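Here's the letter readout for the chains.
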Amino acid sequence: MPTIAADPYPFAFEPTACALLIIDMQRDFLEPGGFGAALGNDVAQLRRAIGPNVRLLAAWRAAGLPVLHTREGHPPDLGDLPPSKHTRAPEGGLRIGDAGPMGRILVQGEPGHALIPELAPRPGETVIDKPGKGAFYATALDACLRELGVRQLVVTGVTTEICVQSTVREANDRGYDCLVPSDCTASYFPHFHTAALAMIAAQGGILGWVTHSDHLLPALESL
Ligand code: C5J
């Protein structure tokens, strides 16, 4: 079994039981002119994770292991959007469902809701639409992973401290071992990125393991 150098200790990678879970690499979060940028965020902070994700995804696909993508969003009638999520927005800023630079913010089917073209899903790869921050809440993700026989997750995407960390927490509570490659996730706020990764690996890996894709790629290539 390949071992991946990781924090707090090496990760025992079981390729036959491991899936790549790419969180919310959506145009509205990552592209200049999208929702994130309209809120005044520097999308360059997130875009640095694109290249590492592209390389990891290519290696993952070449190894023939399962890939799942998630998208945060809501149907056009906002039927699954709790008022708490709807009302909390920066003062005077756009809210979910409002018309934004790439269509209605976080609404399924709108251009901004789509995954970035660099990481477009291929036929056969699962795309999970999620209304919350964690990818397990109100989705079929757990059933999907159990059906695939998955016990380990490599979790990437954006943002580190919100949807990535929420998903890692949910996965950990459900018995999955999570490995997070630090260069394949990102935040608009670099100090949150650093802190979120530290929280995952703290206390002997209380939520999981943190690595760098440079450690993961050779293990995939050797399969
Ligand atoms: C946020 C996400 N930050 N994907 N979504 O609202 O992290």
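Look a little higher up for the structure.
Residues numbered from 1 in each chain as written. Predicted model: local features only at pLDDT ≥ 70, side-chain atom pairs only at ≥ 80, totals over all residues. Heavy atoms only, no water.

A.B. asks: Can you break down the side chain of Ser-187 residue by residue, with the values?
C.D. replies: Tracing the backbone through its elements, the reader meets Ser-187 in the loop between strand 10 (185–186) and helix 8 (190–205). Side-chain polar atoms of Ser-187 contact the side chain of Glu-161, separated by 2.9 Å. Only 2.9 Å separates the side chain of Ser-187 from the backbone nitrogen of Phe-189, close enough to count as a polar contact. Ignoring anything within four residues of it in the chain, the contact list for Ser-187 reads Gln-45, Leu-46, Thr-159, Thr-160, Glu-161, Phe-192 and His-193. (Helix = DSSP H or I, 4+ residues; strand = E, 2+ residues; numbered from the N terminus. Polar contact = N/O pair within 3.5 Å; in protein donor to acceptor, adjacent residues only side chain to side chain. Contact = heavy atoms within 4.5 Å.)

A.B. asks: Residue-level account of the pattern of salt bridges, with values.
C.D. replies: Counted by the stated rule, this structure contains nine salt bridges. Between Glu-118 and Arg-47 there is a salt bridge whose closest N-O contact spans 3.7 Å. Residue Glu-118 is found in the loop between strand 6 (103–104) and strand 7 (126–130), and its partner Arg-47 is found in helix 3 (residues 44–47); the two are separated by 71 residues along the sequence. Judged by relative accessible area, Glu-118 falls into the partly exposed class, the value being 37%. Note that Lys-85 and Glu-72 form a salt bridge whose closest N and O atoms lie 2.8 Å from each other. Taken together, the residues Lys-85 in helix 5 (residues 83–87) and Glu-72 in strand 4 (residues 67–72) connect sequence positions 13 residues apart. A single burial state applies to Lys-85 and to Glu-72, both of which are buried. Connected via shared salt-bridge partners are Glu-72, Lys-85 and Lys-133. (Salt bridge = Lys/Arg side-chain N within 4 Å of Asp/Glu carboxyl O. Buried < 20%, exposed > 50% of the residue type's maximum accessible area, 1.4 Å probe, protein only.)

A.B. asks: Tell me about helix 9 (residues 213–221), and please be specific about residues and values.
C.D. replies: For helix 9, the complete set of buried residues consists of Ser-213, Leu-216, Leu-217, Ala-219 and Leu-220. Angularly, the buried residues of helix 9 cover 165 degrees about the axis, an arc narrow enough to put them on a single face. Facing away from the buried side of helix 9, by more than 90 degrees, are the exposed residues Asp-214 and Glu-221. Buried residues belonging to helix 9 abut strand 1 (3–4), helix 4 (50–63), strand 8 (152–158), strand 9 (177–181) and strand 11 (209–211). (Arc of directions from axis to C-beta.)

A.B. asks: If you had to explain the layout of surface pockets to someone new, which residues and values would you point to?
C.D. replies: Of the volumes computed, that of the largest pocket is approximately 640 Å³. Forming the boundary of the largest pocket are 24 residues, of which Phe-29, Phe-35, Leu-39, Lys-133 and Ile-162 lie nearest the centre. Among the secondary structure elements, those contributing two or more residues to the lining of the largest pocket are helix 2 (35–38), helix 5 and helix 7 (160–173). Broken down by element, the residue count for the lining of the largest pocket peaks at three residues, all from helix 7. Here the lining of the largest pocket is composed, by residue class, of 13 nonpolar, four polar and seven charged. (1 Å grid on protein atoms, 1.4 Å probe; cavity = no way out; pocket = protein on both sides within 12 Å on 5 of 7 lines; lining within 4 Å. Points joined across faces, edges and corners; volume = space filled by probe spheres on them. Nonpolar A, V, L, I, M, F, W, Y, C, P; charged D, E, K, R; others polar.)

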